[in-house]
Amino acid sequence: MLALKEKMQVIKTRKALKSTLSSLKQGISLGLVPTMGALHKGHLALVERALHQNDTAVLTIFVNPTQFNNQEDLDKYPKNLKSDVDLLHSISEDIIIFAPSIKEIYNNDVSSKIYGFNGLEKVMEGAFREGHFNGVATVVENLLRIVNPNRAYFGEKDFQQLQIIRKMVEIQNLPVKIVSCPIVREPNGLAMSSRNERLSTTTRKEAAFIYQTLQAAKKQFGTKSAQKVIESVKRQFEKQKNLRLEYIEITDAETLSPIKRKIKNIKYRAFVAVYADDVRLIDNIALN
Ligand code: AMP
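Rules and cut-offs
Residues numbered from 1 in each chain as written. Predicted model: local features only at pLDDT ≥ 70, side-chain atom pairs only at ≥ 80, totals over all residues. Heavy atoms only, no water. Phe/Tyr/Trp six-rings, centres within 6.5 Å; stacked < 30°, edge-to-face > 60°. Helix = DSSP H or I, 4+ residues; strand = E, 2+ residues; numbered from the N terminus. Buried < 20%, exposed > 50% of the residue type's maximum accessible area, 1.4 Å probe, protein only. Near = heavy atom within 4 Å. Polar contact = N/O pair within 3.5 Å; in protein donor to acceptor, adjacent residues only side chain to side chain. 1 Å grid on protein atoms, 1.4 Å probe; cavity = no way out; pocket = protein on both sides within 12 Å on 5 of 7 lines; lining within 4 Å. Sits in = over half its atoms within 2 Å of the grid points. Nonpolar A, V, L, I, M, F, W, Y, C, P; charged D, E, K, R; others polar. Points joined across faces, edges and corners; volume = space filled by probe spheres on them. Pairing = 2+ DSSP bridges. Axes fitted to C-alpha atoms, helices over the stretch in contact; angles between N-to-C directions. Contact = heavy atoms within 4.5 Å.

Draft legend 1. Here's a closer look at the packing of aromatic side chains. Tallying each qualifying case throughout the model produces 7 aromatic pairs. With 5.1 Å between their ring centres and 85° between their planes, Phe 209 and Phe 237 make a pair best called edge-to-face. In this pair, Phe 209 sits in helix 10 (residues 208-221) while Phe 237 sits in helix 11 (residues 226-238), placing the two residues 28 residues apart along the sequence. Each member of the pair, Phe 209 together with Phe 237, is buried.

See the structure below:
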């Protein structure tokens with residue numbers, strides 16, 4: 001699909017990307033997969049879906065400074081462009097890789113646009129990471145405008161982010177279909193994440209407890225009240241030495257507003273953020 005000169009290379013500037021995109025045949029479909037790199041099988045599942053549903057996929061690698069509310073987290077974010085490129089080419093050579101610099105995306109103004117997301121941004125990650133979703137939406141809007149894809153792919157691993165992006169696309173009236181992809185997990189159930197690389201071998205094993213607890217919560221949710229499930233999750237985490245629960249929420253999956261009482265036909269999800277040693281991990285599960 002791609003001409004030989006575009007294969008195997010990483011595009012660094014908007015100008016070069018525009019030129020590559022305009023050299024593609026008219027009318028072909030494009031799938032965009034935005035990432036922050038340090039790629040794993042969760043990212044690859046998004047790329048495979050994008051390649052399956054479109055003629056060409058663009059994967060972006062950009063560690064977006066405006067979505068980090070913690071400088072140390074930003075500084076320690078794993079970066080390995082070379083192995084990312086190798087991994088991508090192990091599944092296909094027809095992926096356009098765009099890895100711009102901060103200047104290329106933000107020029108000299110490294111700041112977020114301020115959006116209103118109807119309350120979606122106020123809870124969970126929004127409450128614990130100030131400004132996070134304005135940063136995410138700013139960079140995703142930017143990338144969507146640069147690439148102009150038919151579809152863009154996001155993981156349910158960051159379920160709140162997915163709902164925020166759907167809202168941003170609606171507000172900005174962008175002509176793109178947002179496609180959500182299920183969470184890819186390690187064999188022990190831990191949700192794959194670039195941050196897992198920072199865990200010690202022992203903690204990485206212990207972190208399997210996060211998904212085990214979410215699965216237990218799902219089972220309990222069939223017969224118990226949401227409040228009882230939440231209390232039970234908190235109690236279980238208190239017994240863990242190296243895992244500290246930051247929050248557990250059960251919300252309406254659409255509006256992300258915390259559950260008051262169960263209502264028939266509403267889909268609910270449980271969300272957690274957990275510090276494993278000093279690494280912050282998030283996970284979630286559909287409850288019904
Ligand atoms: P990140 O590089 O962490 O910003 O993630 C880029 C995209 O990959 C986001 O849409 C994430 O939700 C998605 N993603 C990350 N980890 C997983 C996973 N374990 N399963 C599915 N999607 C994922």
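Draft legend 2. Representation of the site of the ligand within the structure. Neighbouring the ligand are 17 residues; Met 36, His 43, Asp 158, Val 184 and Met 192 lie closest to it. Residue Asp 158 places a side-chain N or O atom 2.6 Å away from an oxygen atom belonging to the ligand. The backbone of Val 184 places a nitrogen or oxygen atom 2.8 Å from a nitrogen atom of the ligand. Using a 2 Å cut-off from the grid points, one finds that the ligand occupies the largest cavity. The dominant element in the shell around the ligand, judged by the number of residues it contributes, is helix 2 (residues 41-53), at 3 residues. Here the shell around the ligand is composed, by residue class, of 9 nonpolar, 6 polar and 2 charged.

Draft legend 3. Layout of empty space enclosed by the protein. This model, assessed by the stated rule, comprises 2 cavities of 30 Å³ or more. Approximately 810 Å³ is the volume attributed to the largest cavity. Met 36, His 43, Lys 157, Asp 158 and Gln 161 are the residues nearest the centre of the largest cavity, which is lined by 46 residues in total. For the lining of the largest cavity, the secondary structure elements donating two or more residues are strand 2 (30-35), helix 2, helix 7 (132-147), strand 5 (151-155), helix 8 (159-172), strand 8 (268-276) and strand 9 (279-286). The greatest single-element share of the lining of the largest cavity, amounting to 6 residues, is contributed by helix 7. Here the residues of the lining of the largest cavity are counted per class, giving 23 nonpolar, 14 polar and 9 charged. Of the volumes computed, that of the second largest cavity is approximately 40 Å³. Looking at which element gives the most residues to the lining of the second largest cavity, the answer is strand 9, with 3 residues.

Draft legend 4. Summary view of the sheet that holds strand 7 (residues 243-252). If you trace the 3 strands from one edge of the open sheet to the other, you get 7-8-9, paired in antiparallel fashion. Only two strands of the sheet have a single partner each, and these edge strands are strand 7 and strand 9. Along the sheet, successive strands turn relative to each other by an average axial angle of 15°, direction set aside. Pairing of strand 7 with strand 8, which is carried by 9 bridges, proceeds in the antiparallel orientation. Bridge pairing links Thr 251 to Arg 269 in strand 8. Contacts from helix 10 reach strand 7, strand 8 and strand 9, with the element oriented near 30° to strand 9.

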